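Fold and geometry: a report
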Amino acid sequence: MKCEWVRQNIVLHVYDELADDARYELDQHVARCSDCAAELQAAQEFRTTMATVKVTEPSPNLLTSSRMRLQEALETTQQGGFWNRLTFDPGVWFRQVRFSPALAAILVLAGFGGGIGATYRAMSGAQPGVDRVDRTVVPPEESNITGIRSITPVAGSNQVNIKYDTVSTRETAGSLNDAHIQQLLLFAAQNNVNSGVRVDSVDLLKQRLNDSRVREALVYTLRYDNNPGVRSKALDGLGSYVRDDVRVRDAVLETLVSDANPGLRTEALRVLEPVRADASVRTVLERLAVKDQNQFIRRHSRELLAQLPQID
Amino acid sequence: MPAESCALPWGERERQRGPRATPGRSAGSDGSRQGHMAGESLSRIDDTVLVREAQRGDRAAFEDLVRRYDQAVLRLALRLTGSEHEAQDIYQEAFLKAYRNVGSFRFECSFYTWIYRIVTNLCLDHLRRKKVRKEEAGVVTNADGEEFSVIDHAADERSGANPERDLLRRELGSQIGKALDLLTPRERIVFELKHYHGLKLRTVGEMLNTTEETAKNTLFRATQKLRGTLAELR
């Protein structure tokens, strides 16, 4: 290991920000390099020196007056509405667009739709001698008609205006590694009105959980999807990350504590078994073992706790 | 939400709902790591419930969130502005901003990170303005022609009745204050959040909308500068 690397990382060592293996290597190096040992000592002394200036707690008077002032202001402040949410901070809004796969998928689909619409208008506008009333109707395929909105006979003629909805279903195929396929799946997981489609998409997304965006989408599904079947699929997929990803663990803990479906709560308890020794899980189990209304959850929480070594 | 709930002073409501942990304590505070982690996790879950209630328009829930974090927010603002008046302004602006926009909070990070992000951004703006003012109008001085800083004049209770030690501490505090003033606003915020508030650099990165790696580099630069400046001043 080079001294340069050590010197760049000594401050992280002093502030307890080094990973265990790096910390071990650094300690080993310092033990045999007097220059780096001196640098480490200097960094530790620096931290001690800086600590001589203590953080001053705000005085109770200041805190109280700040709270009173804020409370008065809140009396006359309204929470932002829908449009405010969109327009509050353009920077944040654009960041959300950039990082949100679902919104990106909507934009892609809107782009497709707009493109098709524009092309259709350009094509139909290019036909000479055709106006709106006398337009030759090209009958749409029956399968493309999703509904008739209105039928308006034109008085004094045998003409009729019919407003109808069509849908242009597109099909695409590709690998799960394809970014476009992933976007569609993420869109389906979070936005589709059909819970069966959501189940299918979550089922497929489970194979891509090494992608943090996918995990984020499944955490969202686990927290907010109104269909227990979809939530169950998400929980099933996320189970393998409960050990490594604290957001996943929190979401599963939230399911265990507050999901309306007892079956899902039981499943969450099973998923958390491998990390039952984790302090956050243990604390939740201790609470559930005493207070939960569900007898099974109470009993099983007690059983899991009984398997753990006691903490002094 | 019952009307009387709104009318209750916050302290009273706090007693009724039970005590809550105060986050953002400085590093080295007592308590086991496990207990701290468990507390954090439960706190995150509780926060989620409160944020959802606040999003549905429950002002009492928002006020509960304020109570959980306002001391830490005020402490940070006080450290960075060095003025009670300005700290109070930042406190007010931060929580009003949070209240107006809690509806757009999407749980992509913890509420704690979100509110700290708002506060650190306000403090960054403040420090930038302060730096510009200093460059334009010169350094603010006291009656003796010295730079004035809250850090210089913070009373240290530990020194008690020992005037000599008190004087040395004040001198050191003054040097540290000058060294901190020489940092860029971003370096200052990273150092403050890490050293004085004991936050992990990953969290600091999230708060500043940057990566953990960038936060590490910024901390490295800040400590190098501080060490250099303090060595010169001594």
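Thresholds applied
Residues numbered from 1 in each chain as written. Chains lettered and ligands numbered in written order. Predicted model: local features only at pLDDT ≥ 70, side-chain atom pairs only at ≥ 80, totals over all residues. Helix = DSSP H or I, 4+ residues; strand = E, 2+ residues; numbered from the N terminus. Buried ≥ 20, exposed ≤ 12 C-beta atoms within 10 Å, placed from the backbone. Contact = placed C-beta atoms within 7 Å. Nonpolar A, V, L, I, M, F, W, Y, C, P; charged D, E, K, R; others polar. Core = buried A, V, L, I, M, F, W, Y, C linked by C-beta atoms within 7 Å. Axes fitted to C-alpha atoms, helices over the stretch in contact; angles between N-to-C directions. Parallel < 35°, antiparallel > 145°, perpendicular 65-115°, else oblique. Expected span 1.5 Å × (residues − 1). pLDDT = per-residue confidence, 0-100.

1. Brief notes about the overall build of chain B
Assigned secondary structure in chain B consists of 11 helices and 0 strands. Along its sequence from the N terminus, chain B presents helices and strands in the succession α-α-α-α-α-α-α-α-α-α-α. Out of the 234 residues in chain B, the part that is buried amounts to 33%. A fraction of 63% describes how many contacts in chain B between residues 6 or more apart in sequence connect residues 24 or more apart.

2. A short note on the overall build of chain A
In terms of helices and strands, chain A carries 15 helices and 2 strands. Put simply, chain A has 312 residues, and 23% of those count as buried. For chain A, the proportion of contacts with a sequence separation of at least 24, taken over those separated by at least 6, is 49%.

3. Topic: the environment of B:Asp89
All names here are of chain B. Along the chain, Asp89 falls in helix α5 (residues 84–101). Taking the number of C-beta atoms within 10 Å as the measure of exposure, Asp89 has 17 and is therefore partly exposed. In the structure, Asp89 is positioned 33 residues away from Leu122 in sequence and 9.9 Å away in space, judged by C-alpha atoms.

4. Structural notes on the interface of chain A and chain B
Reports of interface size often rely on the accessible area that becomes lost once the parts have come together. Residue-level contacts link 36 residues of chain A with 48 residues of chain B. The dominant element in the side of chain A that touches chain B, judged by the number of residues it contributes, is helix α4 (residues 60–75) of chain A, at 8 residues. In the side of chain A that touches chain B, the residues fall into 18 nonpolar, 10 polar and 8 charged.

5. Observations regarding the nonpolar core
In terms of nonpolar packing, the biggest core is built from 61 residues, with B:Leu65, B:Val73, B:Ala77, B:Ala94, B:Ile115 and B:Val119 touching the most fellow members. If near-sequence neighbours (up to four positions away) are discounted, B:Val73 is found in contact with B:Tyr91, B:Ala94, B:Ile115 and B:Val119. Of all hydrophobic cores here, the second largest spans 36 residues; its members include A:Val199, A:Tyr241, A:Ala268 and A:Leu269.

6. Here's the deal with the packing of helix α10 (residues 212–224) of chain A against helix α12 (residues 246–258) of chain A
Helix packing for two helices is described by the angle between their axes and how far apart those axes are. Residues and elements named next belong to chain A. In the contact formed by α10 and α12, the axes pass within 10 Å of each other and the chain directions differ by 10 degrees. Considering the angle they form, α10 stands roughly parallel to α12. Across the interface between the two elements, Arg215, Val219, Leu222 and Arg223 from α10 touch Arg247, Val248, Ala251, Glu254 and Thr255 from α12. Partitioning the contact of α10 with α12 into residue classes produces 4 nonpolar, 1 polar and 4 charged.

7. Observations concerning unusual backbone geometry
Positive phi, close to 60 degrees, is recorded for A:Asp16, a residue that is not glycine. As for its position among the elements, A:Asp16 is in the loop between α1 (3–14) and α2 (20–32). Accessibility expressed as a C-beta count within 10 Å gives 11 for A:Asp16, which makes it exposed. Phi at B:Phe107 is positive, roughly 60 degrees, even though this residue is not glycine.

8. Brief notes about α1(A)
When the terminal C-alpha atoms of α1(A) are compared, their 16 Å separation across 12 residues agrees well with the 16 Å that a helix rising 1.5 Å per residue should span. Those residues of α1(A) not exposed but buried are A:Val6, A:Asn9, A:Ile10, A:Val11 and A:Leu12. On its buried side, α1(A) packs onto α2 and α3 (34–50) of chain A together with α11 (212–233) of chain B. Note on α1(A): the residue one or two positions beyond its end, A:Asp16, has a positive phi of about 60 degrees.

9. Considerations on the confidence of the model for chain B
All names here are of chain B. In this model, chain B carries a mean pLDDT of 74, and residues with pLDDT of at least 70 account for 66%. Here helix α1 (residues 3–7) stands out as the least confident element of chain B, with mean pLDDT 32; α5 is the most confident, with 93. For the stretch residues 1–36, pLDDT sits under 50, and the model shows 38 contacts to residues farther than four places along the chain or on other chains. Here residues 136–160 is modelled with pLDDT under 50, and outside its nearest four sequence neighbours on either side it reaches 28 contacts, counting other chains as well.

10. Some details on the environment of A:Thr152
Residues and elements named next belong to chain A. Structurally, Thr152 is set in strand β1 (residues 145–153). The exposure class of Thr152 is exposed, given the 10 C-beta atoms found within 10 Å. Linking Thr152 and Ile162, residues 10 residues apart in sequence, is a C-alpha distance of 6.3 Å. Beyond its immediate stretch of four places on either side in the chain, Thr152 contacts Val160 and Asn161.

11. A short note on helix α11 (residues 228–238) of chain A
Burial analysis of α11(A) places 8 of its 11 residues in the buried class, which makes it a mostly covered element. Within α11(A), the full set of buried residues consists of A:Val230, A:Arg231, A:Ser232, A:Lys233, A:Ala234, A:Leu235, A:Gly237 and A:Leu238.

12. Describing the packing of helix α9 (residues 185–196) of chain B against α11(B)
Residue and element names in this part refer to chain B. Their axes nearest at 9 Å, the elements α9 and α11 cross at an angle of 95 degrees. Compared by their axis directions, α9 and α11 come out roughly perpendicular. Contacts between α9 and α11 involve Arg186, Glu187, Val190, Phe191 and Lys194 from the former and Ala215, Thr218, Leu219, Arg221, Ala222 and Lys225 from the latter. Here the contact of α9 with α11 is built from residues that sort into 5 nonpolar, 1 polar and 5 charged.

13. Some points on the confidence of the model for chain A
Residue and element names in this part refer to chain A. Mean pLDDT over chain A works out to 78, with 77% of the residues at or above the 70 mark. For chain A, helix α5 (residues 82–87) is the element with the lowest average pLDDT, namely 50, and α3 is the one with the highest, namely 92. Across residues 126–138, where pLDDT falls below 50, the model places 2 contacts with residues more than four positions away in sequence or in other chains.

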